[in-house]
2 protein chains.
Amino acid sequence: MDAYALPYTFSQRAQKLTSSTIREILKVTERPEVISFAGGLPSPKGFPVQAMTAAFDRVLAQNPQTALQYGPTEGYAPLRAWVANDLKRTGAHNVKPEEVLIVSGSQQALDMLGKLFIDPGSKVLVEAPSYLGALQSFSLFEPAYVSVPTDDGGVIPDALTAERAAGARFIYALPNFQNPTGLTLDLARRKALVERCAQLQVPIIEDDPYGELRYAGEPQPGLLGLGREAGATVIRLGTFSKVLAPGLRLGYIVAPRPIIAKLVQIKQATDLHTAMLTQMAVYETIKDGFLATHLPVVRDLYKEQCGYMLDAMDKHFPETVSWTRPQGGMFIWVTLPVHIDGTALLARAIERNVAFVPGEPFFAGEQQAQKNTLRLSFVTVAEDKIRTGIEILGQLIKES
Amino acid sequence: MDAYALPYTFSQRAQKLTSSTIREILKVTERPEVISFAGGLPSPKGFPVQAMTAAFDRVLAQNPQTALQYGPTEGYAPLRAWVANDLKRTGAHNVKPEEVLIVSGSQQALDMLGKLFIDPGSKVLVEAPSYLGALQSFSLFEPAYVSVPTDDGGVIPDALTAERAAGARFIYALPNFQNPTGLTLDLARRKALVERCAQLQVPIIEDDPYGELRYAGEPQPGLLGLGREAGATVIRLGTFSKVLAPGLRLGYIVAPRPIIAKLVQIKQATDLHTAMLTQMAVYETIKDGFLATHLPVVRDLYKEQCGYMLDAMDKHFPETVSWTRPQGGMFIWVTLPVHIDGTALLARAIERNVAFVPGEPFFAGEQQAQKNTLRLSFVTVAEDKIRTGIEILGQLIKES
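Residues numbered from 1 in each chain as written. Chains lettered and ligands numbered in written order. Predicted model: local features only at pLDDT ≥ 70, side-chain atom pairs only at ≥ 80, totals over all residues. Heavy atoms only, no water.

### A word on the interface of chain A and chain B
And step 1. The interface is formed by 81 residues belonging to chain A together with 82 residues belonging to chain B.
And step 2. Buried surface at the junction of chain A and chain B, summed over both partners, amounts to about 7,400 Å²; 60% is from carbon and sulfur atoms.
And step 3. Viewed at the interface, chain B and chain A are joined by two salt bridges.
And step 4. Residue Lys-115 of chain B pairs with Asp-111 of chain A through a salt bridge whose shortest N-O separation is 2.6 Å.
And step 5. Where chain A packs against chain B, one counts 32 residue pairs in polar contact (both at pLDDT 80 or more).
And step 6. At the level of secondary structure, the elements contributing two or more residues to the side of chain A that touches chain B comprise α1 (12-16), α3 (49-62), α4 (64-67), α6 (106-117), α7 (132-139), α10 (223-230), α11 (257-271) and α12 (276-286) of chain A.
And step 7. Residue contributions to the side of chain A that touches chain B peak at ten residues, all from α11 of chain A. (Contact = heavy atoms within 4.5 Å. Buried area = accessible area lost by both parts, 1.4 Å probe. Salt bridge = Lys/Arg side-chain N within 4 Å of Asp/Glu carboxyl O. Polar contact = N/O pair within 3.5 Å; in protein donor to acceptor, adjacent residues only side chain to side chain. Helix = DSSP H or I, 4+ residues; strand = E, 2+ residues; numbered from the N terminus.)

### Some points on the sheet that holds strand β6 (residues 170-173) of chain B
Residue and element names in this part refer to chain B.
And step 1. Taken in spatial order, the eight strands line up as β2-β9-β8-β7-β6-β3-β4-β5 in an open sheet, and their pairing is mixed. Because the sheet does not close on itself, it has two edges, and the strands there are β2 (100-103) and β5 (154-155).
And step 2. Strand direction decides the pairing type here: strand β3 (residues 123-128) and β6, joined by three bridges, are parallel. Looking at β6, one finds that Val-126 is bridged to Tyr-172.
And step 3. On the sheet, helix α6 (residues 106-117) packs against β2, β6, β7 (204-207), β8 (234-239) and β9 (251-254) and is oriented at approximately 155° with respect to β8. (Pairing = 2+ DSSP bridges. Axes fitted to C-alpha atoms, helices over the stretch in contact; angles between N-to-C directions.)

### Considerations on the relation of the copies chain A and chain B
And step 1. Overlaying chain A with chain B gives an RMSD of 0.0 Å, the required rotation being 180° about an axis along which the chain moves by 0.0 Å. Put plainly, the chains are arranged around a two-fold axis.
And step 2. Of the residues that chain A buries at the interface, 100% are likewise interface residues in chain B, meaning the two copies contact each other through the same surface. (Least-squares fit on C-alpha atoms with pLDDT ≥ 70 in both.)

### Considering the domain arrangement of chain A
All names here are of chain A.
And step 1. Split by domain assignment, chain A resolves into domain 1 (11-47 + 292-399) and domain 2 (50-288).
And step 2. At the interface, 32 residues of domain 1 touch 34 residues of domain 2.
And step 3. Overall, the association of domain 1 and domain 2 removes approximately 2,900 Å² of surface from exposure, summing both partners, and the carbon and sulfur fraction of that is 61%.
And step 4. For domain 1, the biggest contributors to the area lost against domain 2 are Arg-299, Gln-327 and Phe-362; these three give 21% of the whole.
And step 5. Counting across the domain 1 and domain 2 interface gives two salt bridges. (Domains from an automatic or database assignment.)

### So, the pairing of strand β11 (residues 331-335) of chain B
All names here are of chain B.
And step 1. Burial analysis of β11 places four of its five residues in the buried class, the great majority of the element.
And step 2. Where strand β10 (residues 322-323) meets β11, two bridges bridge the pair, whose relative direction is antiparallel. Note that in β11 the partner of Trp-323 across the bridge is Val-334.
And step 3. Here five bridges tie β11 to strand β14 (residues 373-377), and the two strands are oriented antiparallel to one another. The residue of β14 that forms the bridge with Trp-333 is Arg-375. (Buried < 20%, exposed > 50% of the residue type's maximum accessible area, 1.4 Å probe, protein only.)

### So, the UniProt feature "domain: Aminotransferase class I/classII large" (unreviewed entry) in chain A
And step 1. Within this structure's numbering, the places UniProt gives as "domain: Aminotransferase class I/classII large" (unreviewed entry) are residues 48-390 of chain A.
And step 2. Secondary structure across residues 48-390 of chain A comprises 42% helix and 16% strand; the distance between its end C-alpha atoms is 30 Å. (UniProt positions renumbered as here; feature names shortened; annotations may be inferred.)

### Here's the deal with the sheet that holds strand β14 (residues 373-377) of chain A
Residue and element names in this part refer to chain A.
And step 1. Spatially, four strands are ordered β10-β11-β14-β13 in an open sheet, and the strand pairing comes out antiparallel. Each end of this open sheet is capped by a strand with a single partner; those strands are β10 (322-323) and β13 (357-358).
And step 2. Together, β10, β11 (331-335) and β14 form the strand contacts of helix α13 (residues 290-316), whose direction differs from that of β11 by roughly 20°.

### Overview of the environment of Leu-17 of chain A
And step 1. When you line up the elements, Leu-17 of chain A lands in the loop between α1 and α2 (21-26).
And step 2. Assessed through its relative accessible area of 19%, Leu-17 of chain A is described here as buried.
And step 3. Taking the C-alpha atoms as reference points, Leu-17 of chain A and Gln-136 of chain A, separated by 119 residues in sequence, lie 9.2 Å from one another.
And step 4. Setting aside residues up to four positions removed in sequence, Leu-17 of chain A forms contacts with Leu-140 of chain A together with Lys-262, Gln-265 and Ile-266 of chain B.

### Description of unusual backbone geometry
And step 1. In this structure, Pro-180 of chain A follows Asn-179 of chain A across a cis peptide bond, with omega equal to 20°.
And step 2. The residue Pro-180 of chain A is located in the loop between β6 (170-173) and α9 (187-200) in this model.
And step 3. The phi dihedral of Asn-353 of chain B falls on the positive side, at around 65°, and the residue is not glycine.
And step 4. Tracing the backbone through its elements, the reader meets Asn-353 of chain B in the loop between α14 (342-351) and β12 (354-355).

### A word on the side chain of Thr-184 of chain A
Residue and element names in this part refer to chain A.
And step 1. Here Thr-184 is to be found in the loop between β6 and α9.
And step 2. Taking relative accessible area as the criterion, Thr-184 reaches 15% and is therefore assigned buried.
And step 3. A distance of 3.1 Å separates a polar side-chain atom of Thr-184 from the backbone nitrogen of Phe-177.
And step 4. In contact with Thr-184, other than residues within four places in its own chain, are Gly-153, Pro-175, Asn-176, Phe-177, Arg-190, Arg-214 and Gln-327.

### Focus on the packing of helix α5 (residues 77-86) of chain B against helix α12 (residues 276-286) of chain B
For any two helices packed against each other, one specifies the inter-axial angle together with the distance between the axes.
All names here are of chain B.
And step 1. Between α5 and α12, the least distance of the axes is 9 Å, while the angle of their chain directions is 45°. Regarding the angle of α5 to α12, the classification is oblique. Crossing of α5 over α12 shows left-handed handedness. Where α5 approaches α12, its residues Pro-78, Leu-79 and Trp-82 are matched on the opposing element by Gln-279, Val-282, Tyr-283 and Ile-286. (Parallel < 35°, antiparallel > 145°, perpendicular 65-115°, else oblique. Left-handed = near helix turned anticlockwise from the far one by under 90°.)

### So, the packing of aromatic side chains
And step 1. In this structure the tally under the stated criterion is 25 aromatic pairs over all chains.
And step 2. Considering the side-chain rings of Trp-82 of chain A and Phe-240 of chain A, the 6.0 Å spacing of their centres and the 45° angle between planes classify their relative orientation as tilted. A residue pair is termed long-range when its members are at least 10 positions apart, and Trp-82 of chain A in helix α5 (residues 77-86) and Phe-240 of chain A in the loop between β8 (234-239) and β9 (251-254) qualify at 158 residues.
And step 3. We classify Trp-82 of chain A as buried; its relative accessible area is 17%.
And step 4. Taken together, the ring pairs in this structure connect Tyr-8 and Phe-10 of chain A together with Phe-117, Phe-138, Phe-170 and Tyr-172 of chain B into an aromatic cluster. (Phe/Tyr/Trp six-rings, centres within 6.5 Å; stacked < 30°, edge-to-face > 60°.)

As structure tokens, then:
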């Protein structure tokens, strides 16, 4: 008999999951002949293999029974303390270890925050455009998205009107080198945003995966520190994916204690706790200041890669196209003439063995998606391939 | 200003999360003077530290860029193939690697299956009693539990009536050395259960964390193989927590492909994928038959520990008390005279520095909880402390 023919009933939320057209198109990017600007992968050249191997060895030699046993849901205490202290660099000076919860990558943080805050139909504020992975996570909990407009300076605080904010469970914001736009909020906007959120009583989820990858301009204080000064509720997400390696799946949430307490209960039901060995090995790697010497290497690498792409764009893209010039991170956002649809351009680019992610899926909510946009990642592609790929894209745009 | 005083609104599901009285009581078990039979920790003596250290070293030496990079949501392909092949030992001979999804421990599988199958109010069938962690995971999705009665032979297939089963999204079953009872289904019940589920079109979630820890009696075929023969839809959960180490957070789901396809979308939104380094190191540890020599050592250890506790119970518990004699796994289930409440007994036991988990929270649904029950774990307590702790419990029961 065929076990597969029997009926079963999925939940409403699961029935709404559809396989993404764009994901299907992008499957071809796995072919080696394709020059892909579609990925969101950090550069493996930045992975500190030697330091991490030594750290795993030390942990397994010195404390294997703790590393391999079940651990506390809150996370490994020394790592929580390290994170609390590290946040001083973002201007948050009084974070306590008890306000830090270790999670299995910041994608898991998004899932847990969806569980914590979103009922079906709950209003959730997102930047337009916003990080696709967050939209996917939150969508499982069936929110009603309301988007907050952005311009060349990122999200516009004045656009967070009382009407837009009324009843919102939170606003999800990426202040540094946003995915997908690469844009960064300046200090005035940061202050305006946290003040408005304090006044309108909207909690802020600050997602900062790329903050340590700044290679131009001046570091800006994070929303966590500014928000605490302004009386706003800020929940900050961080990750070790971009400063060490993403395959570890290690990140954290910082939040007021009553929120952490609920998140601990949710985390326990979600996966008990994050792997102890990974937490201990990462702590062992970074505890004596390793990042201070490691991060400049990674930043230089990303700066160089970004430069290759910007140079090629300056040379090969027509004047009708505009794009962002990121101060850090991994992405450049391109705005095409309004008559060119990013998804249609992708189909033609794929025929020429070049790939990227069209802008449309990064938009949620009532605001119309800007279909004449696309996201380019410059991080893992070799210099000559960046030049070739951008030249081809330039030709295709000119022909459109 | 105080950031903590600002209002925010939790989701309905999060508001329903309450901190467990029993968890609060059990916090004292962390004191070193407490003899705790409350834990669910595997014995660290069974952790293969040397083999795993060598495996992590080999992976980081040979393939660091894959191990530390983002990986496929489905899991590491060689590990999926290993799992598919390994299931032959349970009588499931035709599992394909594409039917295997790697997850971050089987607790995560429960969360993902809750997302996949449960709407608020959906009927979910559980054994009475059932695994507390599963009840916690599923509860976040607000099901209506209906419990299926059990007796000394485990869950009673005949009790799965058409009325009980009508509209159920699934039945959650632990056929081997169940947590909390330690009971194992015999072959006749297994066959009756899968046939009834095929007939009533109820998918089965078979959770088998302890199957490899059998130290008495004969191995029985798993519900996956039997179910496929009978035409039932079976989703099987497995874990490396008990055969290698729980701190790794590594498990798997086996299911028909249309279910795996949805679960992959859910997993992507939940945490992108499980850590590649962990998957590769576990595969490296087990790929050449390591478990065939390692598991007998673990089984002997658990058998010995179980024996210490059963001996002590025979000696110190009064005749009014009955208990299970497990063929494997980690737990013994105790039934007290009806007038003794397990939670009340715990309060008195804590005063004497002995701890266990009362039976009540393991019951869900309309069936009345058997409050005169408790769960004992014998795995991580030293022989002399087992004898002392059981003697104290015996005295307290006699005095009740």
